[in-house]
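# Structural description and commentary
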Amino acid sequence: MRRIGNSEDPDAVRQDRPDIFYKHELYQKHMISSPISVRWTFSVVSHGHKIESLIRKLSETVEQAAQCELIVTRNLPDQSEDLTNLWPGPFTLIENTTPKGFGANHNAAFKGAAGRYLATIDPDLELESDPFPELAQGLDDPSCGIVSTRVIDENGNVADHARPVPTPLSLLRRYFLRQRRLYPSSFEQAQEADWVAGLFMAMRADTFKRLLGFDERYHMYCEDVDLSLRSWCIGLSVKVLPCAKVRHPARRKTLKHLRHFLWHCASLIRLWRSTAYLQFRLCERGRLNKNRGNTHD
């Protein structure tokens, strides 16, 4: 990858490599933009991962990869090889000088995104086939705000990546009584969900802008819950679509590391005090009352 220093002429470099778009957090090196028409923008954040295998798999699996923009953020230094030639379409590399949270990283990536559709992709994700044509078709429904696809864990079981909104009572039941609120579905058909996990979520670029992106006051947890609830609050649904499955290993760091547990607790408290949460619960109660009235009728 060629990096642009302060003494280089960006226009000259742009003519050299029009397919590369390199960006540094401090803008000491600047950017080369691509004239290619972009349909999707994918954002991947690496926390020291070696993500070459993910990029290769994406480029092999996504049918129109040359028309998709890939933005990789190195949140922590890693030993990855030169990533430039691994992606056939427009490519961006962001290297953080200090680590950022989930929302801040994806907001920075999507700020200059060229795609009509946006997707967050966890670096541990494995695609079995191309889900993006069906996701785009789902997002073309103007009443739909955020979508995901079926996610399976390393054992082939359906993951709990789409869940009912967490409440204080539901978490007490989950951790002390081992009672979990899950959707009784393998997502063989499209299904609405209160929220979907940020490990793989997609939306139209105009929806992301309308929602003002992720709330960066959260750190590592609940950014995806908050964004999903805000989508519901403006009348845009959140759905899991029965398209190609993706594989993702469950990590459950909250239960293994004190720091992650504290981050998770702080994010949950912020969520429960947020306007989005309160509005969603009021709307949810209104929908339940309406359904009960229809049943009595």
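Predicted model, so just to flag it, every value in this text is computed and none were measured.

Rules used throughout
Residues numbered from 1 in each chain as written. Predicted model: local features only at pLDDT ≥ 70, side-chain atom pairs only at ≥ 80, totals over all residues. Heavy atoms only, no water. Helix = DSSP H or I, 4+ residues; strand = E, 2+ residues; numbered from the N terminus. Buried < 20%, exposed > 50% of the residue type's maximum accessible area, 1.4 Å probe, protein only. Areas by Shrake-Rupley, 256 points an atom, 1.4 Å probe, with all protein chains shown as cover. Phe/Tyr/Trp six-rings, centres within 6.5 Å; stacked < 30°, edge-to-face > 60°. Contact = heavy atoms within 4.5 Å. Core = buried A, V, L, I, M, F, W, Y, C linked by side-chain atoms within 4.5 Å. Pairing = 2+ DSSP bridges. pLDDT = per-residue confidence, 0-100. Polar contact = N/O pair within 3.5 Å; in protein donor to acceptor, adjacent residues only side chain to side chain.

### Regarding the overall build of the protein chain
A tally of helices and strands in the protein chain yields nine helices and 11 strands. Scored against the burial criterion, the 297 residues of the protein chain give a buried share of 50%. When the accessible surface of the protein chain is summed, it comes to about 15200 Å², and 50% of that surface belongs to carbon and sulfur atoms.

### Overview of the packing of aromatic side chains
What the rule picks out here adds up to nine aromatic pairs. Chaining the aromatic ring pairs together yields one cluster made of Trp 40, Phe 42, Trp 87, Tyr 117, Phe 132 and Phe 200.

### Here we look at the environment of Asn 155
Along the chain, Asn 155 turns up in the loop between strand S6 (144-152) and strand S7 (162-163). By relative accessible area, which is 61% here, Asn 155 ends up exposed. Taking C-alpha positions, Asn 155 is 9.7 Å from His 248, a pair spaced 93 residues apart along the chain.

### Describing helix H3 (residues 102-110)
Of all the nine residues making up H3, seven are buried; the element is thus mostly covered by neighbouring parts of the structure. For H3, the full list of buried residues reads Gly 103, Ala 104, Asn 105, His 106, Asn 107, Ala 109 and Phe 110. For H3, the secondary structure elements touched by its buried residues are strand S1 (40-47), strand S2 (68-76), strand S3 (91-95), strand S4 (117-121), helix H6 (205-210) and helix H7 (223-233).

### Some remarks on the nonpolar core
Counting residues in hydrophobic clusters, the biggest one holds 67 residues, and the most contacted among them are Trp 40, Phe 42, Leu 70, Trp 87 and Phe 132. Per element, the largest residue contribution to this core is five residues, and it comes from strand S11 (residues 237-247). With residues near it in sequence (within four places) discarded, Phe 132 still touches Trp 40, Phe 42, Val 62, Ala 119, Ile 121, Leu 127 and Phe 200.

### Description of the pairing of strand S10 (residues 200-204)
Among the five residues that make up S10, five are buried, leaving the element largely enclosed by the rest of the structure. Burial of the side chains of S10 extends over both faces: Phe 200, Ala 202 and Arg 204 are buried on one face and Met 201 and Met 203 on the other. Alignment of S6 against S10, held across two bridges, turns out to be antiparallel. Along S10, the bridge assignment pairs Ile 146 with Met 203.

### Comments concerning the confidence of the model for the protein chain
For residues with low pLDDT, the predicted coordinates do not support detailed interpretation. Confidence in the prediction of the protein chain, expressed as mean pLDDT, is 81, and 77% of residues score 70 or more. Mean pLDDT across the elements of the protein chain bottoms out in helix H1 (residues 10-16) (39) and peaks in S4 (98). Here residues 1-34 is a poorly scored stretch, pLDDT under 50, and it has 73 contacts once near neighbours within four places are set aside; other chains count. Throughout residues 288-297 the model reports pLDDT below 50, and contacts reaching past four residues in sequence, or to other chains, amount to zero contacts.

### Considerations on the side chain of Asp 122
With respect to the helices, strands and loops of the structure, Asp 122 is situated in the loop between S4 and strand S5 (126-127). Judged by its relative accessible area of 13%, Asp 122 is buried. Within the local environment of Asp 122, its side chain forms a polar contact with the side chain of His 248, the two groups lying 3.3 Å apart.

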